[in-house]
Amino acid sequence: MSSATHIANDIPKSLISADLAASRKRLDSVWNGIIPGIVLVAMITAVAFSAHNVSGFALFSPMILAVVAGMVYSNVLGTPVHAKAGIAFSQKRLLRFAIVLLGFQLTLGQVVSIGAGGVGIVAATLGATFLFTVTLGRLIGVDRKLAQLIAAGTSICGASAIVATNIVTDARDEDVTYAVASITLFGTVAMLGFPLLAPLLGLDQHAFGLWAGASIHEVAQVIGAGFQNGTQSGEIATVAKLTRVAMLAPMVIALGLMARRGSRDQSAARPPMPWFVAAFIAVVALNSLVTMPAEVKSAMALATTIMLTMGLAAMGLQADISQLRSRGLRPLALAFCAFLFIGCFSLMLVKLA
């Protein structure tokens, strides 16, 4: 004991003070660098959720409203410099964790419930739409990364897919915002218009639910359109859509491999299996094996939506409207053509099934 005390007494007090000062400086740096940005993002997220409850805005998910609110704030008031680090944290880390939590909304049993034919329709529609969109984007001169984002948003699951895809494509924030805006526009058109077409196309509840789930962009839009045509239709549409969400993982892995192969610096290329994709698959497997209480699932779904909304609010805060205008109308035309393709192609498969 006396030896330990003697050693402690031999340590210069100035060195201890310096270490304490350095530790305090690091904590202050983290606090002052990240917290202000997270608070700003949280405020915009709260505005988005509040606006979602206002009549006329309920058609739009909080994620979409958060992008718009963030863009308005940053382009009218300007984003504070001291908030940049927290905004970047929300945009990257929170979004990736939210994608992992999406796995709690899906089980392998749900995928099986629509049958092999239904899974085949969903998979074929996804693959064909993605390839069509990327190919057309190249032909009409749309930037490759932006075309991939539009392709992912149309073929898989809207804003969530765009966010996940961007982790491996590493497009500019303005490209992400543009893709989200265009996908929202045409997804809303599909949500409102497809139920009106069901009787004209001779689709029963099962067929319409499969069509809606295989073709409409956002999960919320699919649910809105599906249940508008009946309970059975809504349930089938939801399961078909969640099956598309499950295909997010292999799609991101494939894009990661493409990015790695196309990189000249193989050491700097992104890994073919991003950690969040592996975690997403693990969560789906866990959710399939363990029965979660309804309260836990509800809490997970809310947490997922909040974190996705915060991430998209952060993207909106970093989006420059002048940069969006510089993209022109070609990406919007690409999104429109992708919207028409996925609707017609999936309808053809449903009719042939």
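A brief report on the enclosed structure follows. Note that this is a predicted model, so its numbers are computed, not measured. (Residues numbered from 1 in each chain as written. Predicted model: local features only at pLDDT ≥ 70, side-chain atom pairs only at ≥ 80, totals over all residues. Heavy atoms only, no water.)

## Some thoughts on helix H16 (residues 330-352)
Line of reasoning, step 1. Between its first and last C-alpha, H16 extends 33 Å over 23 residues, near the 33 Å set by a 1.5 Å rise per residue.
Line of reasoning, step 2. By the burial criterion, the buried members of H16 are Pro331, Leu334, Ala335, Ala338, Phe339, Ile342, Gly343, Ser346, Leu347, Leu349 and Val350.
Line of reasoning, step 3. Buried residues along H16 sit against helix H6 (115-140), helix H7 (144-169), helix H8 (173-201), helix H9 (205-215) and helix H11 (231-246). (Helix = DSSP H or I, 4+ residues; strand = E, 2+ residues; numbered from the N terminus. Expected span 1.5 Å × (residues − 1). Buried < 20%, exposed > 50% of the residue type's maximum accessible area, 1.4 Å probe, protein only. Contact = heavy atoms within 4.5 Å.)

## A few points about the packing of aromatic side chains
Line of reasoning, step 1. All chains considered together, the criterion is met by 8 aromatic pairs.
Line of reasoning, step 2. Ring plane angle 5 degrees and centroid distance 4.2 Å describe the contact between Phe194 and Trp211, whose orientation is recorded as stacked. Of the two residues, Phe194 sits in helix H8 while Trp211 sits in helix H9, which places them 17 residues apart along the sequence. (Phe/Tyr/Trp six-rings, centres within 6.5 Å; stacked < 30°, edge-to-face > 60°.)

## Quick word on the layout of surface pockets
Line of reasoning, step 1. The space that makes up the largest pocket amounts to roughly 360 Å³.
Line of reasoning, step 2. Along its surface, the largest pocket is lined by 18 residues, and Met63, Gln105, Val219, Ala220 and Thr305 are the ones closest to its centre.
Line of reasoning, step 3. Sorting the residues of the lining of the largest pocket by element identifies helix H3 (62-76), H7, helix H10 (219-228), H11 and helix H14 (294-317) as the ones contributing at least two each.
Line of reasoning, step 4. In terms of residue count, H14 provides more of the lining of the largest pocket than any other element does, 4 residues in total. (1 Å grid on protein atoms, 1.4 Å probe; cavity = no way out; pocket = protein on both sides within 12 Å on 5 of 7 lines; lining within 4 Å. Points joined across faces, edges and corners; volume = space filled by probe spheres on them.)

## Focus: the side chain of Ser74
Line of reasoning, step 1. Mapped onto the elements of the fold, Ser74 is located in helix H3.
Line of reasoning, step 2. When its relative accessible area of 13% is taken as the criterion, Ser74 is described as buried.
Line of reasoning, step 3. One polar contact links Ser74 to Asn75, side chain to side chain, over a distance of 3.3 Å. (Polar contact = N/O pair within 3.5 Å; in protein donor to acceptor, adjacent residues only side chain to side chain.)

## Remarks on the packing of H8 against H9
Line of reasoning, step 1. Taken N-terminus to C-terminus, the directions of H8 and H9 make an angle of 140 degrees; their axes are 11 Å apart at the nearest point. Judged by the inter-axis angle, H8 sits oblique to H9. Crossing angle aside, the handedness with which H8 passes H9 is right-handed. Every residue of H9 that contacts H8 at Phe194, Pro195, Leu197, Ala198 and Leu201 is listed here: Phe208, Trp211 and Ser215.
Line of reasoning, step 2. Of the residues that constitute the contact of H8 with H9, the class distribution is 7 nonpolar, 1 polar and no charged. (Axes fitted to C-alpha atoms, helices over the stretch in contact; angles between N-to-C directions. Parallel < 35°, antiparallel > 145°, perpendicular 65-115°, else oblique. Left-handed = near helix turned anticlockwise from the far one by under 90°. Nonpolar A, V, L, I, M, F, W, Y, C, P; charged D, E, K, R; others polar.)

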